[in-house]
Amino acid sequence: MLFLAAGLSPAMATAPEIARTVLVLDASGSMWGVIQGRSKMAIAREAVGRLLAGWPSGPALGLMAYGHRRKGDCGDIELLEAPTGFDAEALRQQVQALQPKGMTPISAAVRRAAEALRYTEQAATVILISDGEETCEADPCALGAELERLGVGFTAHVIGFDLPEGPARRQLQCLAQVTGGQYREAGDAEGLNQALATVASAAPTLNTAQAWIPGHSLVWQAGSQVESEGPDGTRVVAFTPEQTAQACQALCQDDARCGGWHYEPTGSYFIDHPRCHLKGLGAPLQLEAQDPDWVAGVKPGVRLIVNPEAE
């Protein structure tokens, strides 16, 4: 049972949980470049192995690579492991098998990773490692702005690996910045290990991951009292049929009194229009399963806690 509340004891808070993530790995021809006697690809394989060894067992981690199969092909992008679980050995084997060959379609690869994460429906994180600039007539910065605008908690963390100052670095810095992610530079093996560890620890936690919860509503718990429009601070806004769950989420984001929300679609309880339920901060609220078209969400900065009696 999950409750929505503000200012409760940290001892009751849930342990941080990383949102679903896809690692996008540059396997273009330039990854055969050498740093301190080793290819950049060999260094990347080792660094990813360390990342996998420290990855928590619960959060899903997928893998996407580009430039590893064909030369001169901007469509050479492959989702090697879907972000539906975490299998360290399978991921490790896929990375070990990569043989750099081709182009650097950064934007298309990040877009496909976001789509694999269903970024318009739930929090999604991409971790990109690249040693070069976009070579397929696209703009990673513009893509980042688009994914941030359309997504639900989309974040891109970017590591520029042996990347000199110039347009390529600025492209990748912007991709991270406009999505609220981190940009890190790595010039050697140790730098790449440190950069990966930093961005992995910065992945969204449970609070962000709960920003979009399909098939649920937030329900007031009997016995709690607050002084507001409803027993849990709920205000119900009648929507037109064209208004969506994203519009309900936006209303909550813009309202300082709102800590969570849920979208009630047309047809539920015989209503002929959707409704947006904005939840206050003063009473505990429980997630309740509904039909798939319902959506609930928790505002960033509001903690979800576990009911001790339910454990």
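Residues numbered from 1 in each chain as written. Predicted model: local features only at pLDDT ≥ 70, side-chain atom pairs only at ≥ 80, totals over all residues. Heavy atoms only, no water.

Q: Would you mind going over the nonpolar core in detail, with residue names and values included?
A: With 31 residues, the main nonpolar core has Ile129, Ile159, Phe161 and Leu192 as its most contacted residues. Where this core is concerned, the elements lending two or more residues are β2 (21-26), α1 (40-54), β5 (61-66), α2 (88-96), β7 (124-130), β8 (154-161) and α6 (189-201). With seven residues, the top contributor of residues to this core is α1. Apart from the residues lying within four places of it in its own chain, the contact partners of Ile159 are Leu128, Ile129, Ser130, Arg184, Ala186, Leu192, Ala195, Leu196 and Val199. The next biggest cluster of nonpolar side chains, apart from the first, holds 26 residues, and it includes Ile77, Ala124, Leu172 and Leu175. (Core = buried A, V, L, I, M, F, W, Y, C linked by side-chain atoms within 4.5 Å. Buried < 20%, exposed > 50% of the residue type's maximum accessible area, 1.4 Å probe, protein only. Helix = DSSP H or I, 4+ residues; strand = E, 2+ residues; numbered from the N terminus. Contact = heavy atoms within 4.5 Å.)

Q: Explain the sheet that holds β5 to me, and be specific about the residues and the numbers.
A: Hydrogen bonds along the backbone pair up the strands of a sheet, which may run parallel or antiparallel. Here six strands make up an open sheet; going across it, the order is β6-β5-β2-β7-β8-β9 and the pairing mixed. Both outer strands of the open sheet, β6 (77-81) and β9 (183-186), are each paired with one neighbouring strand and no more. Direction aside, neighbouring strands of the sheet carry axes that sit 20° apart on average. (Pairing = 2+ DSSP bridges. Axes fitted to C-alpha atoms, helices over the stretch in contact; angles between N-to-C directions.)

Q: Any chance you could break down the confidence of the model for the chain for me, citing the residues and the numbers?
A: This prediction gives the chain a mean pLDDT of 82; 81% of its residues lie at or above 70. Predicted confidence for residues 223-229 stays below pLDDT 50, and this span has 14 contacts to residues more than four positions away or in other chains. Considering only residues more than four positions removed or in separate chains, one finds that residues 304-311, a stretch of pLDDT under 50, has 22 contacts. (pLDDT = per-residue confidence, 0-100.)

Q: Can you tell me about α6, naming the residues and giving the values?
A: A rise of 1.5 Å per residue sets the reference length of α6, with its 13 residues, at 18 Å; its end C-alpha atoms lie 19 Å apart and thus fit the reference within 8%. Every buried residue belonging to α6 is among Ala189, Gly191, Leu192, Asn193, Ala195, Leu196, Val199 and Ala200, and all of these are buried. Between the side-chain oxygen at the start of α6 and the backbone nitrogen of Glu190 there is a gap of 3.4 Å, and the oxygen is on Asp188. (Expected span 1.5 Å × (residues − 1). Polar contact = N/O pair within 3.5 Å; in protein donor to acceptor, adjacent residues only side chain to side chain.)

Q: Now, about the sheet that holds strand β12 (residues 235-238): what can you tell me, with residues and values included?
A: Strand order in the open sheet formed by five strands is β10-β16-β13-β14-β12, and the pairing between neighbours is antiparallel. Two strands in the sheet have a free side with no partner beyond their single neighbour: β10 (213-214) and β12. In this sheet, strand β14 (residues 275-279) lies alongside strand β13 (residues 260-264) in antiparallel orientation, the contact comprising five bridges. Considered in β14, the bridge of Trp261 is made with Leu278. Against the sheet, helix α8 (residues 245-253) engages β12, β13, β14 and β16 (295-298), with an angle of about 155° to β13.

Q: So what's going on with empty space enclosed by the protein? Residues and values would help.
A: The tally for this structure, following the rule as stated, stands at one cavity of 30 Å³ or more. Approximately 30 Å³ is the volume found for the largest cavity. Counting only elements with at least two residues in the lining of the largest cavity, the list comes to α1, β5 and α2. At three residues, the largest contribution of residues to the lining of the largest cavity is made by β5. Here the lining of the largest cavity is composed, by residue class, of seven nonpolar, one polar and no charged. (1 Å grid on protein atoms, 1.4 Å probe; cavity = no way out; pocket = protein on both sides within 12 Å on 5 of 7 lines; lining within 4 Å. Points joined across faces, edges and corners; volume = space filled by probe spheres on them. Nonpolar A, V, L, I, M, F, W, Y, C, P; charged D, E, K, R; others polar.)

Q: Run through the environment of Thr84, naming residues and quoting values.
A: Following the sequence through the fold, Thr84 ends up in the loop between β6 and α2. Separated by 64 residues in sequence, Thr84 and Arg20 place their C-alpha atoms 8.0 Å apart.

Q: Explain the packing of α1 against α6 residue by residue, including any values.
A: The contact between α1 and α6 brings their axes to 9 Å, and the two run at 35°. The handedness of the crossing between α1 and α6 is right-handed. Contact with α1, carried on its side by Ile43, Ala44, Ala47, Val48, Arg50 and Leu51, involves Ala189, Glu190, Leu192, Asn193, Leu196 and Ala200 of α6 and no other residues of that element. Each residue belonging to the contact of α1 with α6 can be placed in one class, and the counts come to nine nonpolar, one polar and two charged. (Left-handed = near helix turned anticlockwise from the far one by under 90°.)

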